[in-house]
Amino acid sequence: MKAEFDIRLSVQDMYRFSMHHNYTGFQGIFSILIAIMAFVAAFLTHDKMGTSYTVLYILFGIVFLFYMPITLYLAAKRQILKSDQLKNTLHYLVDENGITVSQNGESATLPWKQVYKMVATKHNLLVYSTRVNAYILPLAQLGDQYKTVKEIAGKHLEKCAYCIRK
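Described below are features of the structure shown in this document. (Residues numbered from 1 in each chain as written. Predicted model: local features only at pLDDT ≥ 70, side-chain atom pairs only at ≥ 80, totals over all residues. Heavy atoms only, no water.)

Another point: the sheet that holds strand E2 (residues 90–95). Read across the open sheet, the four strands follow the order E1-E2-E3-E4; overall the sheet is antiparallel. Both edges of this open sheet fall to strand E1 (3–7) and strand E4 (106–111), since each of them pairs with a single strand only. Strand-to-strand, the axes of this sheet are offset by a mean angle of 20°, without reference to chain direction. As defined by bridge partners, E1 adjoins E2 across five bridges and the pair is classed as antiparallel. Looking at the pairing, Ile7 lines up with Leu90 of E2. (Pairing = 2+ DSSP bridges. Helix = DSSP H or I, 4+ residues; strand = E, 2+ residues; numbered from the N terminus. Axes fitted to C-alpha atoms, helices over the stretch in contact; angles between N-to-C directions.)

Counted residue by residue, strand E6 (residues 124–128) has five buried out of five residues, so it is predominantly covered. The two faces of E6 match: Asn124, Leu126 and Tyr128 on one face and Leu125 and Val127 on the other face are all buried. Pairing between strand E5 (residues 117–120) and E6: four bridges, direction antiparallel. Bridged to Met118 within E6 is Val127. (Buried < 20%, exposed > 50% of the residue type's maximum accessible area, 1.4 Å probe, protein only.)

Our next topic: the nonpolar core. Phe5, Trp112, Met118 and Leu125 are the most contacted members of the largest nonpolar core, which has 40 residues in total. Tallying contributions element by element places helix H1 (residues 11–23) first for this core, with five residues. (Core = buried A, V, L, I, M, F, W, Y, C linked by side-chain atoms within 4.5 Å.)

For any two helices packed against each other, one specifies the crossing angle of their axes together with the interaxial distance. Where helix H2 (residues 26–49) meets helix H3 (residues 51–82), the axes come as close as 8 Å, and the angle between the chain directions of the two elements is 165°. One finds that H2 runs roughly antiparallel with respect to H3. The two elements H2 and H3 meet at a crossing, and its hand is left-handed. Only Thr51, Tyr53, Thr54, Tyr57, Ile58, Phe60, Gly61, Ile62, Phe64, Leu65 and Met68 of H3 make contact with H2, whose side of the interface consists of Gln27, Gly28, Ser31, Ile34, Ala35, Ala38, Phe39, Ala41, Ala42, Thr45, His46 and Met49. Partitioned by chemical class, the residues of the contact of H2 with H3 number 15 nonpolar, eight polar and no charged. (Parallel < 35°, antiparallel > 145°, perpendicular 65-115°, else oblique. Left-handed = near helix turned anticlockwise from the far one by under 90°. Contact = heavy atoms within 4.5 Å. Nonpolar A, V, L, I, M, F, W, Y, C, P; charged D, E, K, R; others polar.)

Spanning 32 residues, H3 covers 45 Å between terminal C-alpha atoms, matching the ideal 46 Å at 1.5 Å per step. The largest bend along H3 reaches roughly 35° and is located at Phe66, with the proline Pro69 sitting one to four residues downstream. Those residues of H3 not exposed but buried are Thr54, Gly61, Met68, Pro69, Leu72, Ala76 and Ile80. Residues of H3 that are buried make contact with H1, H2 and helix H4 (84–87). (Expected span 1.5 Å × (residues − 1). Bend = angle between axes of the 7 residues up to and from the residue.)

The strand order E7-E6-E5-E8 describes an open sheet built from four strands, whose pairing is mixed. The open sheet has two edge strands with one neighbour each: strand E7 (134–138) and strand E8 (162–163). Running over the sheet, H1 touches E5, E6 and E7 and is turned about 65° from E6.

Here it is as structure tokens:
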């Protein structure tokens, strides 16, 4: 059994990966908690501290809430525009040996035993080769091959590395 497909990443695909990666980790959760605490502080102290502190707390909350998503979007855009590999179409072959990616006559295979984990999100299938690096496979471009990729991965990955629920 094998699955073959072509993927062309967009800025939106890279941005969604970055958002998922950051907001499922400590830094993203921490920034949301800080923003919430700033808004709560603004609400609770608006009578005691004065308008300037209330505005300062609200601005602080807005910065923590929107700084990271904006930064991640700009970084995704820069990464797609600067990388020739990401700008062009990548050909994938998923089979019993692993995941082979090829482009312009060159190819590399990630064996199943080296896959750190595989995660399905609403829009992407993420195949992590390390804790931070992943192949981004947009579900819209995978189409019917998604089911085949899931089946093959399910046979070769340990349960802790196979994070696909749907």
